[in-house]
Amino acid sequence: MEAQDAADLTGNERLNETTHLAPSEGSGPCPNCGDGMARQDTAYTPTHVYALGRVEAQFPSLGVEKEFAQTGAQSGATGTNAAVMKKVLQENRYLARQICWVFRISGMETYLLRPRDTADFGLLVEAVREDPAPTDLDLVIGWLDPEPATCGVLTLRVAVFDQLYSFDRASLLGAIPRPAAPGGKKSGQEAEAAFNWTAAEVLDRTALLIDNAGATDEHRALNYLAVRYPSIYERTAQAHRENKALARIDVDPAPVSSTRKLLDVIFTYTDRATDVPDRFFVRVDVEEEFPFIVNPMAPYFSR
C-alpha cells in the first residue's frame, strides 16, 4: 500500500489536506516562518516531536479559573465540565491563550503545548472532548523549545506544534483497510475480530509505549508508522493467519550511505510451531519534522 493511502487513519480530513505541504527548510524555528518565534542562533538544531498522547486543559492560576467560571456562568453553558469548558473556550478565545495546555503521554504530564501559529489555538480547543474517554488520542507534530517553561505549578518542556490531530483509538484502528480473506472472500466476524486484536497489539507495541515521548528518531518513526502506514497492520495480520507471533520490533540505522537520517523498523515474527523467525522491515526518513517512507515493507535479511 502506498504511504499516502494511510493519511486518513486518524479519521481527520484536515490531515489529508495539509500533510503534503512542504515544511520550511530545516523544519525548525526560522526567522521567516510561523509566528516569528525564531532563534537567531544558526547553530540551534531543533528536536522534532511526533507524539501520541492526550491534550488536557488546566488552569494556571486561581484568577484564570475564576474568570473562566464567571464567563461560563454568563454564557449559560450546560452539560459536563468538559462540555462547558469547550463551549466557553470556543466562544472566548482569549481564555484559550490563558490556559495551560498540557500533553500527557501514558498518563504522565510530558509537554506544555504551544502552537507555532496562534490561529491554531482552535485545534487545542477542539481537542477538548465533550464526552472524554480513556481511548481518546491526540497526535502532536512539531519541535521542542530548548528551554522549559512554567505554567502554574508545572515546569515542562514546550512542544511547539505545527499540526495537531484529535481522534479516538477505535476510529484509528477502524480506519485501517481490512485485507481480503484468502481466496478473495470478505472476512467474516471472526476474521474481523482477529484483525482488530492484531491492530490493537501493533498500535500498543509501537506508539503507546510508556517511554515513548515521540522526541527520539526511533519513537518518531514508530509513531509515524502507527498512524500513517497500514501495511504494518496488514503484515502482522497475515503473520497471525500463518500461526506466527509478533516477537519483537527493532529500530536500527539503515545500513546505506546517506546524508539523511534513515531508520529501518524491523518486525520479527516467530513461527509458533517451529520457532523460526521471519523478518520484515520498512525504511523511514526522519531527517525533518515530517517523516516519510523511503522503502515500503519488504522481507528483511540480516547483513
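Residues numbered from 1 in each chain as written. Predicted model: local features only at pLDDT ≥ 70, side-chain atom pairs only at ≥ 80, totals over all residues. Heavy atoms only, no water.

A.B. asks: Describe the side chain of His240, listing the residues and the values that go with them.
C.D. replies: If you trace the backbone, His240 turns up in helix 9 (residues 231-241). Residue His240 is classed as buried on the basis of its relative accessible area of 16%. (Helix = DSSP H or I, 4+ residues; strand = E, 2+ residues; numbered from the N terminus. Buried < 20%, exposed > 50% of the residue type's maximum accessible area, 1.4 Å probe, protein only.)

A.B. asks: Describe in detail the state of the cysteines, supporting the description with residues and values.
C.D. replies: What is meant by a disulfide is a covalent connection between two cysteines, made through their sulfur atoms. As enumerated under the stated definition, the model contains one disulfide in all. The disulfide partner of Cys100 is Cys151, and the gap between their sulfur atoms is 1.7 Å. With the S-S bond torsion at -100°, the cross-link from Cys100 to Cys151 turns out left-handed. Here Cys100 is found in strand 2 (residues 100-105), whereas its partner Cys151 is found in strand 5 (residues 149-151), with 51 residues between them in sequence. In this structure Cys151 comes out as buried when scored by relative accessible area, which is 16%. (Disulfide = S-S within 2.5 Å.)

A.B. asks: Please provide a residue-by-residue account of the sheet that holds strand 10 (residues 292-299), values included.
C.D. replies: Across the sheet, four strands lie side by side as 7-8-9-10; this open sheet has antiparallel pairing. Two strands close off the open sheet at either side, each with one partner strand: strand 7 (244-253) and strand 10. Each strand of the sheet is rotated relative to its neighbour by a mean of 15°, with strand direction disregarded. Contacts from helix 7 (residues 189-206) reach strand 7 and strand 8 (262-271) within the one sheet, and its direction differs from that of strand 7 by about 30°. (Pairing = 2+ DSSP bridges. Axes fitted to C-alpha atoms, helices over the stretch in contact; angles between N-to-C directions. Contact = heavy atoms within 4.5 Å.)

A.B. asks: Quick rundown of unusual backbone geometry? Include the residues and the values.
C.D. replies: Unlike most non-glycine residues, Ser106 shows phi in positive territory, near 55°. The residue Ser106 is located in the loop between strand 2 and strand 3 (108-115) in this model. On the accessibility criterion, Ser106 (44% relative accessible area) is partly exposed. Notably, Asp275 is not glycine yet its phi reads approximately 65°, a positive angle.

A.B. asks: Describe the packing of helix 7 against helix 9, with residues and values.
C.D. replies: For the pair helix 7 and helix 9, the least separation of the axes is 9 Å and the interaxial angle reads 125°. One finds that helix 7 runs oblique with respect to helix 9. Here helix 7 runs over helix 9; the crossing is right-handed. Contacts between helix 7 and helix 9 involve Phe195, Trp197, Thr198, Ala199, Glu201, Val202 and Leu203 on the former and, on the latter, Ile232, Tyr233, Thr236, Ala237 and His240. Split into classes, the residues belonging to the contact of helix 7 with helix 9 amount to eight nonpolar, three polar and one charged. (Parallel < 35°, antiparallel > 145°, perpendicular 65-115°, else oblique. Left-handed = near helix turned anticlockwise from the far one by under 90°. Nonpolar A, V, L, I, M, F, W, Y, C, P; charged D, E, K, R; others polar.)

A.B. asks: Explain the confidence of the model for the protein residue by residue, including any values.
C.D. replies: The pLDDT averaged across the protein works out to 83; a share of 82% of its residues lies at or above 70. Per-element confidence in the protein is highest for strand 9 (residues 277-285), whose mean pLDDT is 96, and lowest for helix 1 (residues 13-18), whose mean pLDDT is 38. (pLDDT = per-residue confidence, 0-100.)

A.B. asks: How would you summarise the packing of helix 2 (residues 62-75) against helix 3 (residues 81-91) if you had to cite specific residues and measurements?
C.D. replies: Close contact between helix 2 and helix 3 brings their axes to 10 Å; oriented N to C, the two are set at 90°. In terms of orientation, helix 2 lies roughly perpendicular with respect to helix 3. Residue-level inspection shows Phe68, Thr71, Gly72 and Ser75 of helix 2 in contact with helix 3, the latter providing Val84, Met85, Lys87, Val88, Leu89 and Glu91. Counted by class, the contact of helix 2 with helix 3 contains five nonpolar, three polar and two charged residues.

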